[in-house]
Amino acid sequence: MLVKHKRGLFQRFYVVELLKGLTITMKNMLFGKTVTIQYPEERRNYSGRFRGMHYIKATNGVENCTACMLCPTVCPAECIHIEAGERPDKEKYPVKFEIDVLRCCFCGMCEEACPKDAIKLSTIYEMSTEHREVYEKDYLLEQRGNK
Amino acid sequence: MPKCIIDGREVEFKPGQNLVEVAASVGIEIPVFCYHPGLTVVAQCRMCAIEIEKMPKLQTACSTPAAEGMVVKTKSDRVKQNQKSVMEFLLINHPLDCPICDKSGECDLQDNSYKYGDSYMRTTEERRTYMDLDMGPVIQKSMNRCIHCTRCIRFGQEIAGIHEMVAVQRGNNTEITTIDGRPLETDYAGNYSDICPTGSLTLKDFRFKKRVWYLKKTPTVCEGCSRGCNMEIQQDANTVYRCVPRTNMEINKYWLCDEGRFNYQYIHDAARVLNPAVSGGTAGLQMTEWSQAVVAARSSLDGKKPMVLVGSDLTQEEVQALQQFLNKHLSGTPIFHFGTPGVTSTQKDGAADPILKRKSKTANLNGLEKLGIKGFESVPSGVNAAIIFRGGRAVVPELKGVGTKVGVGVFNKPDAEDFHAILPGTSFAEKDGTIFNFEGREQKFKRAILPQGQSKNLPEILMLWANSGAVGGAA
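Residues numbered from 1 in each chain as written. Chains lettered and ligands numbered in written order. Predicted model: local features only at pLDDT ≥ 70, side-chain atom pairs only at ≥ 80, totals over all residues. Heavy atoms only, no water.

Undergrad: I'd like a description of the sheet that holds strand β4 (residues 80-87) of chain A, backed by residues and values.
TA: Residues and elements named next belong to chain A. With respect to topology, 3 strands assemble into an open sheet ordered β4-β5-β7, the strand pairing being antiparallel. Because the sheet does not close on itself, it has two edges, and the strands there are β4 and β7 (134-135). Sheet analysis places strand β5 (residues 90-100) next to β7, joined by 2 bridges and oriented antiparallel. Among the inter-strand pairings, Ile-99 is bridged to a residue of β7, identified as Tyr-135. (Pairing = 2+ DSSP bridges. Helix = DSSP H or I, 4+ residues; strand = E, 2+ residues; numbered from the N terminus.)

Below is the structure:
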């Protein structure tokens, strides 16, 4: 059964409760410990194992990737598209290497499956763009990140 | 039937069967490299060594015929140790090429290494390397991956009938090569890639196209000649990537000729007509809609006396549907089959070589004769139009005095420029059907891929034709 409390006019302004609440807010603001950071200037330290933006590792200017197709095979989001080809200095190389980042779930299985240490996930997490993004090979080959 | 005991199981066998086959018949796998059921036994890889009671040393299972009361152990510690050692020995010089190698995923060496080998390597020495010579248009050689099983040498000698692969040098330096480094001559070169247990001999046609574990496999029958070899279409995303032989001891055994193996290429040929087309006068063939093309095809026969030419590469079901259609809508039209120039009947068909190939380069010559269709010799008098039904193989004969040609089926643009209309049909990979090979053996095959482009199956095209209003020509 619904109980109806009878309140006076003053009580119905809730001034006391407002002041009580404000006191807690002010206490935290003035004396509490800050939990937020000034993001673009200040940054948190993430683990070296953080899985962020992909890149293809290169050795002496030649990409490590041999287009073995293990990463698209293992990828649960099916976001990696590779086309293999042949060139004089490398028996098999990826002509096309595209990652549809919007589909990627950053599970890191591609990195784990790679026998050539070619596809890697860096610690870069600032990847917002204004349009739908597919990373192409040239973009992925630029060495970024901390690995 | 005599019996022997393998791993504690009593197994029946036919006298003369070797232990690898006997064990396989009850599902016990003995790993092999040099042994191939279609080739002679050399017992040189030593991978199949097993323990036989009362014999002091391990015996190679491939060269030991099963005997009454024989007690065989295939999983004892001695056998396992031997398998481990053989694997290690073979991998001393095998490059870690699997990410590059086209064989990976269906490689005997890879599979056996995974199942029977060690997961680590003790050697640190540099690996043996070779220079590779070009082996012609079919096979890509990579000698570094070779394990000297000599299957290819034996295949050339025993099956292809040409001794072109040889082993030169000795021991560790053995190199498998062609005599004087000549390109391969045999028409069965694709089989070298199939029987190679490693990636040393791979198909140039399939090179880097697709990893094998993506391929979906559909059993089918080759339409390359009247032999009707059993093969498998391997496709992914509606694209055929290769064809490999399927074992059928009564027809093709384990082999397939190159003509049949690479026959699939016309399916994805850029010149194939995949849209309904009508003749645009001097402008050549013009793409159009199905409804318009059928009407154009029908009306081009108005007032003419047509004949029907049926390619002997069509299936039994298609030709039966066609006969019913003709009885109903074009009765009295003469009907002939065509296929290979010079082979107009099964009597003229014969073996083209001692292995598999037949003279008739179309698969269903026998079946069409069974349906009472005669071979095309020359244009009957009075006939001035032709409706040509064709699969992917039959060669359209020269038609003198025939002004109007309508094509139904698979056509290439350059060959079909003078046609009045083309209604694109399906190739053998895109339809179900039954064909009769030269012996009269009835074989069914299933569709592997969806019809390419706008092409349709023949019964569907006939339905469109029948429903497109009054039928022209002799009707």
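Okay, back to it.
Undergrad: Pulling in residues and values, what's your account of the pattern of salt bridges?
TA: What the rule picks out here adds up to 37 salt bridges over all chains. Notably, a salt bridge pairs Asp134(B) with Lys204(B), separated by 2.6 Å at the nearest N-O pair. With a gap of 70 residues between them, Asp134(B) in the loop between α3 (108-116) and β6 (139-141) and Lys204(B) in the loop between β9 (201-203) and β10 (216-221) connect regions that are remote in the sequence. For Arg441(B), the salt bridge goes to Glu250(B), with nearest N and O atoms at 3.0 Å. Remark: Glu250(B) occurs in the loop between β12 (239-245) and α6 (258-261) and Arg441(B) occurs in the loop between β21 (433-436) and β22 (442-445); sequence separation between them is 191 residues. Glu250(B) gets classed as exposed once you look at its relative accessible area, which sits at 57%. Residues joined by salt bridges that share partners form a network here, namely Glu86(A), Glu91(A), Asp97(B), Arg145(B) and Arg207(B). (Salt bridge = Lys/Arg side-chain N within 4 Å of Asp/Glu carboxyl O. Buried < 20%, exposed > 50% of the residue type's maximum accessible area, 1.4 Å probe, protein only.)

Undergrad: Give me the lowdown on the packing of helix α8 (residues 316-329) of chain B against helix α10 (residues 458-466) of chain B, citing residues and values where you can.
TA: All names here are of chain B. At a closest axis distance of 9 Å, the pairing of α8 and α10 adopts a crossing angle of 15°. Viewed along their axes, α8 and α10 adopt a mutual orientation that is roughly parallel. For the pair α8 and α10, the crossing hand works out as left-handed. Contact with α8, carried on its side by Glu-318, Ala-321, Leu-322, Phe-325 and His-329, involves Leu-458, Leu-462, Trp-465 and Ala-466 of α10 and no other residues of that element. (Axes fitted to C-alpha atoms, helices over the stretch in contact; angles between N-to-C directions. Parallel < 35°, antiparallel > 145°, perpendicular 65-115°, else oblique. Left-handed = near helix turned anticlockwise from the far one by under 90°. Contact = heavy atoms within 4.5 Å.)

Undergrad: Please give an account of the interface of chain A and chain B that cites residues and values.
TA: Taken together, the 14 residues of chain A in the interface contact 8 residues of chain B. Carbon and sulfur atoms supply 57% of the area that chain A and chain B bury against each other, a total of about 990 Å² over both sides. For the salt bridge of Glu91(A) with Arg145(B), the shortest nitrogen-to-oxygen distance reads 3.7 Å. Classifying every residue of the side of chain A that touches chain B by side-chain character gives 7 nonpolar, 3 polar and 4 charged. (Buried area = accessible area lost by both parts, 1.4 Å probe. Nonpolar A, V, L, I, M, F, W, Y, C, P; charged D, E, K, R; others polar.)

Undergrad: Explain the sheet that holds strand β13 (residues 277-279) of chain B residue by residue, including any values.
TA: Residues and elements named next belong to chain B. A sheet is described by the order of its strands in space; here 8 strands give the open sequence β14-β13-β20-β19-β18-β15-β16-β17, paired in mixed fashion. The sheet is open, and its two borders are formed by β14 (285-287) and β17 (374-375), each paired with just one other strand. Docked against the sheet, helix α7 (residues 290-299) engages β13, β19 (404-409) and β20 (421-424), running at close to 130° with respect to β20.

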